[in-house]
Amino acid sequence: MTTRSVEHGQLTYLQIPAVDPQASARFYARVFGWKLEPGHASFEAPGFLFGQWVTDRPAAREGGPLLWIAVRDIETGLGQIGAAGGTVLEGPAPDGPRLIASFRDPAGNVVGIVQEAAPA
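Residues numbered from 1 in each chain as written. Predicted model: local features only at pLDDT ≥ 70, side-chain atom pairs only at ≥ 80, totals over all residues. Heavy atoms only, no water.

(A) Examining the packing of helix α1 (residues 21–32) against helix α2 (residues 74–83) more closely. α2 packs onto α1 with a crossing angle of 155 degrees between their chain directions and a minimal axis gap of 9 Å. When the interaxial angle is binned, α1 and α2 end up roughly antiparallel. The two elements α1 and α2 cross, and the hand of that crossing is right-handed. Note on element contacts: α2 touches α1 through Gly77, Gln80, Ile81 and Ala83, opposite Phe27, Arg30 and Val31. When grouped by side-chain class, the residues that make up the contact of α1 with α2 number four nonpolar, two polar and one charged. (Axes fitted to C-alpha atoms, helices over the stretch in contact; angles between N-to-C directions. Helix = DSSP H or I, 4+ residues; strand = E, 2+ residues; numbered from the N terminus. Parallel < 35°, antiparallel > 145°, perpendicular 65-115°, else oblique. Left-handed = near helix turned anticlockwise from the far one by under 90°. Contact = heavy atoms within 4.5 Å. Nonpolar A, V, L, I, M, F, W, Y, C, P; charged D, E, K, R; others polar.)

Following this line, the structure appears as structure tokens:
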């Protein structure tokens, strides 16, 4: 059993609305490399983030929290999003020392991606 260190205020668990949990799982695995639990709509993402896709709540199409997922290269990420069945909404655009963009996942959730500035 692995002991995990979790800091106060750190995001650790996430439920993402989905129309088809398996399709959403494949999308996030393909675009972000999230590890899937075989036979379940559950995932493990970097940084001790765990979660699942759920069908008992509607997608956050307009309001609600906006999740930002880190990518190494925003242009590559946007290409993967389109190829995996997502829809790019905005970006890339500068936001301080980073680039940001947003997309709609296969269930209709609006999600952001962020590329941190390269080290000088």
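From this point on, the discussion continues.
(B) View of the pairing of strand β7 (residues 98–104). Pairing between strand β6 (residues 87–95) and β7: six bridges, direction antiparallel. Opposite Thr87, over in β7, you have Arg104 as the bridge partner. Between the end of β6 and the start of β7, which pair antiparallel, lie two residues, with Gly96 showing a positive phi angle near 65 degrees. In this structure, β7 lies alongside strand β8 (residues 110–115), joined through six bridges in antiparallel fashion. (Pairing = 2+ DSSP bridges.)

(C) Spatial organisation of the sheet that holds strand β5 (residues 68–70). Spatially, four strands are ordered β5-β8-β7-β6 in an open sheet, and the strand pairing comes out mixed. With partners counted over all chains shown, the strands left at the sheet margins are β5 and β6, one partner each. Taking the axes of each pair of neighbouring strands and ignoring which way they run, one obtains an average angle of 25 degrees across the sheet. Across the sheet, α2 touches β6, β7 and β8, and the angle it forms with β6 is around 170 degrees.

(D) Examining the packing of aromatic side chains more closely. Counting across every chain of the model gives ten aromatic pairs. An angle of 80 degrees between the planes, with centres 5.2 Å apart, marks the rings of Phe27 and Tyr28 as edge-to-face. Accessibility expressed as a relative area gives 2% for Phe27, which makes it buried. Overall, the relative accessible area of 1% leaves Tyr28 in the buried class. When the ring of Phe43 is compared with that of Trp53, the centres are 4.8 Å apart and the planes differ by 55 degrees; the resulting orientation is tilted. In this pair, Phe43 sits in strand β3 (residues 42–45) while Trp53 sits in strand β4 (residues 49–54), placing the two residues ten residues apart along the sequence. For Phe43, a relative accessible area of 4% corresponds to the buried category. Look at Trp53 and you get buried, because its relative accessible area is 3%. Three or more aromatic residues link up through ring pairs in this structure, and these residues are Phe27, Tyr28, Phe32, Trp34, Phe43, Trp53 and Phe103. (Phe/Tyr/Trp six-rings, centres within 6.5 Å; stacked < 30°, edge-to-face > 60°. Buried < 20%, exposed > 50% of the residue type's maximum accessible area, 1.4 Å probe, protein only.)

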